[in-house]
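Descriptive analysis of the structure
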Amino acid sequence: MQRTVAEIALEIGAEFEGDGSPIITGVAGLREAHPTDISFLANPKYKGHAAKTRAGALVVGKEIVVECSTVLLRVSNPLESFSRIALKFAPPSVELPAGV
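Since this is a predicted model, take the numbers as computed values, not measurements.

1. Details of the nonpolar core
Within the largest apolar cluster, 15 residues are counted, with the highest numbers of intra-cluster contacts made by Ile8, Ile24, Ile38, Ala57, Leu73 and Ile85. Sorting the residues of this core by element identifies helix H1 (5-12), strand S6 (57-61), strand S7 (71-75) and helix H3 (78-89) as the ones contributing at least two each. Among the elements that line this core, the one with the most residues is H1, at four residues. The contacts of Leu73, once residues within four sequence positions are left out, are Val5, Ile8, Ala9, Ile12, Ala14, Glu15, Phe16, Ile38, Ala57, Leu58, Val59 and Val60. By size, the runner-up hydrophobic cluster in this structure holds 11 residues, among which are Ala33, Leu41, Ala55 and Val66.

In structure tokens:
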């Protein structure tokens, strides 16, 4: 699955700061993220990691001040919003027949 940053922002009711056109194809932590991943920052003590992340977008709280070049998606509850995004990017579960 892939979505633009603007599409993700619309789906979670976020206001975004920056370019909404980058394509996001997955989710990752701040330190592990690549330019096609989205990550999140819920705790301000990790702002240093956010400044160094390679993520294509970050979900952050409305009150968190972050200095980075990454597109920011501002929401009231970053953890809840990121969880909703992660579920959309998760592969569908495979149901195995009984006994397997």
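2. Considering the side chain of Thr53
With respect to the helices, strands and loops of the structure, Thr53 is situated in the loop between helix H2 (47-52) and S6. Taking relative accessible area as the criterion, Thr53 reaches 11% and is therefore assigned buried. With residues near it in sequence (within four places) discarded, Thr53 still touches Leu30, Ala33, Leu58 and Thr70.

Calculation criteria
Each chain has its residues counted from 1, running along the sequence as written. In keeping with the model being predicted, local features are shown solely for residues with a pLDDT of at least 70 and side-chain atom pairs are shown and tallied solely at 80 or more, while totals for entire chains, interfaces and linings include all residues. The basis for the side-chain values is all heavy atoms of the structure; hydrogens and waters are excluded. Nonpolar core, defined: a set of buried Ala, Val, Leu, Ile, Met, Phe, Trp, Tyr and Cys residues in which side-chain atoms within 4.5 Å join the residues together. Working definition: with a 1.4 Å probe on protein chains only, accessible area under 20% of the residue-type maximum means buried, over 50% means exposed, and in between means partly exposed. Only DSSP runs of H or I with at least four residues qualify as helices, and only runs of E with at least two residues qualify as strands; both kinds are numbered from the N terminus onward. Should any heavy atoms of two residues lie within 4.5 Å, those residues are counted as being in contact.

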